[in-house]
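Residue-level listing of the chains:
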Amino acid sequence: MQELKALSEERAPKWLIGLTAIAFMAVAGAQVFGFITSPAAEQYQHSQKIMYVHVPAAWNAFLAFIVVFWASLVYLWKRSEGADLLAESAAEVGAVFTGLTLLLGSIWGKWAWGVWWTWDPRLTSTAVLFIIFVGYLALRSFTEDPERRATWSAGVGIFGALNVPIVYMSVRWWRTLHQVQSSPETMSAEYVTALRVNGIAFLLLLVAVLGWRYRAARIQRRAEALHEEAILEGRQVHV
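Chemist: Help me understand unusual backbone geometry in this model?
Modeler: Trans peptide bonds make up most of the peptide bonds, and negative phi angles are found at most residues other than glycine. Non-glycine residue Arg79 carries a positive phi angle of around 55 degrees. For Arg79, the position within the fold is in the loop between helix H3 (51-78) and helix H4 (81-112).

Laid out in structure tokens, this is it:
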């Protein structure tokens, strides 16, 4: 179909292309800045600098899940297809960032604690959050009816996002190996600026990746609609 072909060949908006380029340059530049300006930690040496990816990835995963929470509420209120697609896109991006957080945390844990994994409250609650949103994405994949898929996903998305405060506060509510959240009050001054720069860079990356994923979701949804129309037209012709 010509409409489907035109849809697949539709160019991405220039602002999204530009933002993506800026985001990747910002992440690369922020990493270089962090390594150059901050010294090796006394206890953990240069392994401490893994936090320049680990911590911003965690921050932005939380932001992505907040978007899921908001978009899911909007869908349940207004039944907006755009809100459903935004929630799906943010959930996928958030799951990737959470997976990265867990991976880098395990690498750092092996260096600092001598083990790849321990059932620490912060690690465990983050793993639960990751599993919930992997389940969210699986639910969307296995549910064919669009309205049912969107409604069920909204419920899971809201439930999953409500776990974000639990993950964040876990180091304060329970005894844990994991350090309290990184902030100017809890870390050396030489690391603060680099961490903030990386946080901003990863925020740009989050927005860019979310923009691409949302665009892909809209194209996919339109392609599904065209496919359904073609099937219906074929049945009518056959009759």
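Don't stop here, the text continues.
Chemist: Got a minute to help me understand empty space enclosed by the protein in this structure?
Modeler: Summary: where empty space remains is shown by rolling a probe the size of a single water molecule over the atoms. For the coordinates displayed, the defined rule picks out 1 cavity of 30 Å³ or more. Computed from the structure, the largest cavity encloses a volume of approximately 30 Å³. Looking at the lining of the largest cavity, the elements with two or more residues in it are H3, H4 and helix H6 (146-161). Partitioning the lining of the largest cavity into residue classes produces 7 nonpolar, 2 polar and 1 charged.

Chemist: Where do I start with the nonpolar core in this structure?
Modeler: Inside soluble globular proteins, nonpolar side chains tend to come together where they are buried. Phe65, Val68, Phe97, Leu129, Phe133 and Leu205 are the most contacted members of the largest nonpolar core, which totals 29 residues. Where this core is concerned, the elements lending two or more residues are helix H2 (14-37), H3, H4, helix H5 (121-142), helix H7 (164-173) and helix H8 (189-238). Top element by residues in this core is H3. It accounts for 7 residues. Apart from residues lying up to four places away in sequence, Phe97 is in contact with Ala57, Asn60, Ala61, Phe202, Leu205 and Leu206. In this structure, Tyr52, Val55, Ala194 and Leu195 belong to the second largest nonpolar core, which totals 6 residues.

Chemist: Got a minute to help me understand H6 in this structure?
Modeler: For an α-helix the count is 3.6 residues per turn, leaving residues at separations of three or four pointing the same way. The end-to-end C-alpha distance of H6, which contains 16 residues, comes to 22 Å, matching closely the 22 Å that a straight helix rising 1.5 Å per residue would cover. Every buried residue of H6 is listed here: Arg149, Ala150, Ser153, Ala154, Gly157, Ile158, Gly160 and Ala161. Relative to the axis of H6, the buried residues are bounded by an arc of 155 degrees and lie together on one face.

Chemist: Sorry, what's going on with the packing of H5 against H6 here?
Modeler: The angle between the axes and the distance between the axes are what describe a pair of packed helices. Put simply, H5 and H6 touch, their axes get as near as 10 Å, and they point 175 degrees apart. Taken together, H5 and H6 sit at an angle that is classed as roughly antiparallel. Packed against H5, whose contacting residues are Leu129, Ile132, Phe133, Tyr136, Leu139 and Arg140, the element H6 presents Arg149, Ala150, Trp152, Ser153, Val156, Gly157, Phe159, Gly160 and Ala161 at the interface. Taken together, the residues that form the contact of H5 with H6 break down as 10 nonpolar, 3 polar and 2 charged.

Chemist: What exactly am I supposed to notice about the side chain of Asp120 here?
Modeler: Relative to the assigned elements, Asp120 resides in the loop between H4 and H5. Of the side chains with opposite charge, Arg122 lies nearest to the buried Asp120, which makes no salt bridge, at 6.3 Å. Side-chain polar atoms of Asp120 contact the backbone nitrogen of Arg122, separated by 2.9 Å.

Chemist: Would you mind showing me how to read the packing of aromatic side chains here?
Modeler: Each aromatic ring pair is summarised here by two numbers: the centre-to-centre distance and the angle between the ring planes. Following the criterion strictly, the structure yields 4 aromatic pairs and no others. Between the aromatic rings of Phe97 and Phe202, the centroid separation amounts to 6.5 Å while the plane-to-plane angle is 85 degrees, which identifies the pairing as edge-to-face. Taken together, the residues span a long stretch of sequence, with Phe97 in helix H4 and Phe202 in helix H8 at a distance of 105 residues. Overall, the relative accessible area of 7% leaves Phe97 in the buried class. Seen in terms of ring centroids, Trp117 and Trp119 are 5.6 Å apart; in terms of plane orientation they differ by 80 degrees. Their pairing is edge-to-face. Three or more aromatic residues link up through ring pairs in this structure, and these residues are Phe65, Phe133 and Tyr136. Sitting over the ring of Trp77, Lys78 keeps its end group 4.8 Å from the ring centre.

Chemist: What's the story with a nonpolar patch on the surface in this structure? I'm lost.
Modeler: A surface patch of nonpolar side chains, amounting to about 610 Å² of accessible area, comprises Leu103, Ile107, Trp116, Trp117 and Trp119. Along the chain, the position of Trp117 falls in the loop between H4 and H5.

Chemist: Mind showing me how you'd approach the pattern of salt bridges here?
Modeler: Close approach of charged atoms allows side chains with opposite charge to pair. Counting across every chain of the model gives 6 salt bridges. Residue Arg140 pairs with Glu88 through a salt bridge whose shortest N-O separation is 3.6 Å. Pair noted here: Arg140 is in helix H5 and Glu88 is in helix H4, with a separation of 52 residues, a long-range link. With a relative accessible area of 6%, Arg140 lands in the buried category. One salt-bridge network, held together by shared partners, links Glu81, Asp84, Glu88, Glu92, Arg140, Arg213 and Arg221.

Cut-offs used in this document
The numbering scheme is per chain: residues are counted from 1 as the chain's sequence reads. It should be noted that, the model being predicted, local features are given only for residues of pLDDT at least 70 and side-chain atom pairs only at 80 or more, the latter also being counted only at that level, while totals for whole chains, interfaces and linings use all residues. Side-chain calculation: all heavy atoms of the structure are included, whereas hydrogens and water are not. Secondary structure elements are defined from DSSP: runs of H or I of at least 4 residues count as helices, runs of E of at least 2 residues count as strands, and each element is numbered from the N terminus. Only protein atoms enter the 1 Å grid, on which a cavity is a set of points fitting a 1.4 Å probe that cannot get out and a pocket is an open set with protein on both sides within 12 Å along at least 5 of 7 lines, lining residues being those with an atom within 4 Å of a point. Grid points are joined across faces, edges and corners, and a volume is the space filled by probe spheres set on the points. Each residue is assigned to one of three groups, with Ala, Val, Leu, Ile, Met, Phe, Trp, Tyr, Cys and Pro labelled nonpolar, Asp, Glu, Lys and Arg labelled charged, and all others, Gly among them, labelled polar. Nonpolar cores are built from buried Ala, Val, Leu, Ile, Met, Phe, Trp, Tyr and Cys residues. Side-chain atoms within 4.5 Å join them into one set. Relative accessibility thresholds used throughout: buried, under 20% of the residue-type maximum; exposed, over 50%; partly exposed, between the two (1.4 Å probe, protein chains only). A contact between two residues is defined here by any heavy atoms of the two lying within 4.5 Å. One less than the number of residues in a helix, times 1.5 Å, gives the span that helix is expected to have. Throughout, the arc means that of the directions going from the helix axis to the C-beta atoms. Throughout, an axis means a line fitted to C-alpha atoms (over the contacting stretch in the case of helices), and angles, computed between N-to-C directions, take values from 0 to 180 degrees. For this classification, under 35 degrees means roughly parallel, over 145 means roughly antiparallel, 65 to 115 means roughly perpendicular, and everything else is oblique. Neither His nor the chain termini are counted; the positive set is Lys and Arg, and the negative set is Asp and Glu. Criterion for a salt bridge: a side-chain nitrogen of Lys or Arg within 4 Å of a carboxyl oxygen of Asp or Glu. Under this definition, polar contacts are N or O atom pairs within 3.5 Å; protein pairs additionally need one hydrogen-donor-capable and one acceptor-capable atom, and for neighbouring residues in sequence, both atoms have to be side-chain atoms. For Phe, Tyr and Trp, where Trp contributes only its six-membered ring, two rings pair if their centres lie within 6.5 Å, and the inter-plane angle classes them as stacked under 30 degrees, edge-to-face over 60, or tilted in between. Placement of a charge over a ring requires the Lys NZ or Arg CZ to be within 6 Å of the ring centre, with the centre-to-atom vector within 35 degrees of the ring normal. Within this analysis, patches are made of residues with over 30% relative accessible area and no salt bridge. Like charges are joined at 9 Å or less; nonpolar side chains (Val, Leu, Ile, Met, Phe, Trp, Tyr) at 5 Å or less. For accessible areas, the Shrake-Rupley method is used with a probe of radius 1.4 Å. Any residue's cover is judged against the shown protein chains and nothing else.

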